[in-house]
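Understanding the architecture of this molecule
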Amino acid sequence: DTKEALKCAVKAYQYDPEFVPAYVVAIKALIAEDKKRQARKTALLSWEKAPHPDLYEFWCQLGPTHPLERMEWVEKLVEQNPNRYQSHIAMTKSALDANLWGVARTHLQYAEATEPRQGTYKLLAKLEKLEGKNPEKATEWLEKAANAGPDKTWICTQTGETFNQWHPIQPLTKDFNTIIWDVPRYRQLTPINT
């Protein structure tokens, strides 16, 4: 029931303006109802409040497919919250698709300064490979990625289990509302005395 899903999603993000899953449900429902203009407005609003990779994917689905046109399209999204890490990653991805190495490098430098995580270094390695000028540098970036902290993901606050997407009910434990967008934290195991 897309109408009811939309109604609940709007209520949820009005209650918590940074709750990305509510925006995702709203955008999906609007697309299903063929209300793409409203879906775009919701995506822009959500990026302003809480930039997230899932929102970037929906934004790209709603826009042009040509890489240079898509880059301009992504710029409209990023303008809503230009200094956030996810904004720089979004610009990097669209710049890489458009073969604009300098633009990608600039945004990756900002991303690295903000969040020097695995994903940032993997994108730097991808840039070096695509540009083809310095394969040794690509290897260096991959080595940095191997030693960097993990990227944010959907993680259960109770178990530490990670997921590719948000679930209202944790699939393994069946607990309600325990999954958040955060950096995985590895628990140190306590040795068992024998």
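Our subject in this report is the structure included herewith. (Residues numbered from 1 in each chain as written. Predicted model: local features only at pLDDT ≥ 70, side-chain atom pairs only at ≥ 80, totals over all residues. Heavy atoms only, no water.)

Quick look at the packing of aromatic side chains
Taken as a whole and assessed by the stated rule, the structure comprises five aromatic pairs. Considering the side-chain rings of Y121 and W141, the 5.7 Å spacing of their centres and the 20 degrees angle between planes classify their relative orientation as stacked. One end of the pair, Y121, is in helix α8 (residues 118-131); the other, W141, is in helix α9 (residues 135-147), and 20 residues separate them in sequence. In this pair, the class of Y121 matches that of W141, namely buried. (Phe/Tyr/Trp six-rings, centres within 6.5 Å; stacked < 30°, edge-to-face > 60°. Helix = DSSP H or I, 4+ residues; strand = E, 2+ residues; numbered from the N terminus. Buried < 20%, exposed > 50% of the residue type's maximum accessible area, 1.4 Å probe, protein only.)

Description of a nonpolar patch on the surface
Together, L68, L100 and V103 make up an exposed nonpolar region whose accessible area comes to about 200 Å². Inspection of the secondary structure puts L68 in helix α5 (residues 67-78). A residue is classified by how much of its surface remains accessible, and L68, at 44% relative accessible area, is partly exposed. (Patch = residues over 30% accessible without salt bridge, like charges linked within 9 Å, V, L, I, M, F, W, Y side chains within 5 Å. Areas by Shrake-Rupley, 256 points an atom, 1.4 Å probe, with all protein chains shown as cover. Salt bridge = Lys/Arg side-chain N within 4 Å of Asp/Glu carboxyl O.)

Some points on unusual backbone geometry
At D34, a position not held by glycine, the phi torsion is positive, near 60 degrees. Position of D34 among the secondary structure elements: in the loop between α2 (20-32) and α3 (36-49). Here N177, not a glycine, exhibits a phi torsion of approximately 60 degrees, which is positive. Assignment of secondary structure puts N177 in the loop between β2 (162-163) and β3 (179-182).

Points about the sheet that holds β3
Strand pairing in a sheet relies on backbone hydrogen bonds, with the paired strands running either antiparallel or parallel. The strand order β2-β1-β3 describes an open sheet built from three strands, whose pairing is antiparallel. Strand pairing shows two members of the sheet lacking a second neighbour, β2 and β3, which therefore form its edges. Here strand β1 (residues 153-156) pairs with β3 via four bridges, running antiparallel. Residue pairing in the sheet places C156 in a bridge with I179 of β3. (Pairing = 2+ DSSP bridges.)

Concerning the pattern of salt bridges
If you walk through the whole model with that rule in mind, you get eight salt bridges. Measuring nitrogen to oxygen at the nearest pair gives 3.4 Å for the salt bridge that ties R70 to D97. Here R70, found in helix α5, pairs with D97, found in helix α6 (residues 85-97); they are 27 residues apart in sequence, far enough to count as distant. Across the pair E131 and R105 runs a salt bridge, and its minimum N-O distance is 2.4 Å. Taken together, the residues span a long stretch of sequence, with E131 in helix α8 and R105 in helix α7 (residues 101-114) at a distance of 26 residues.

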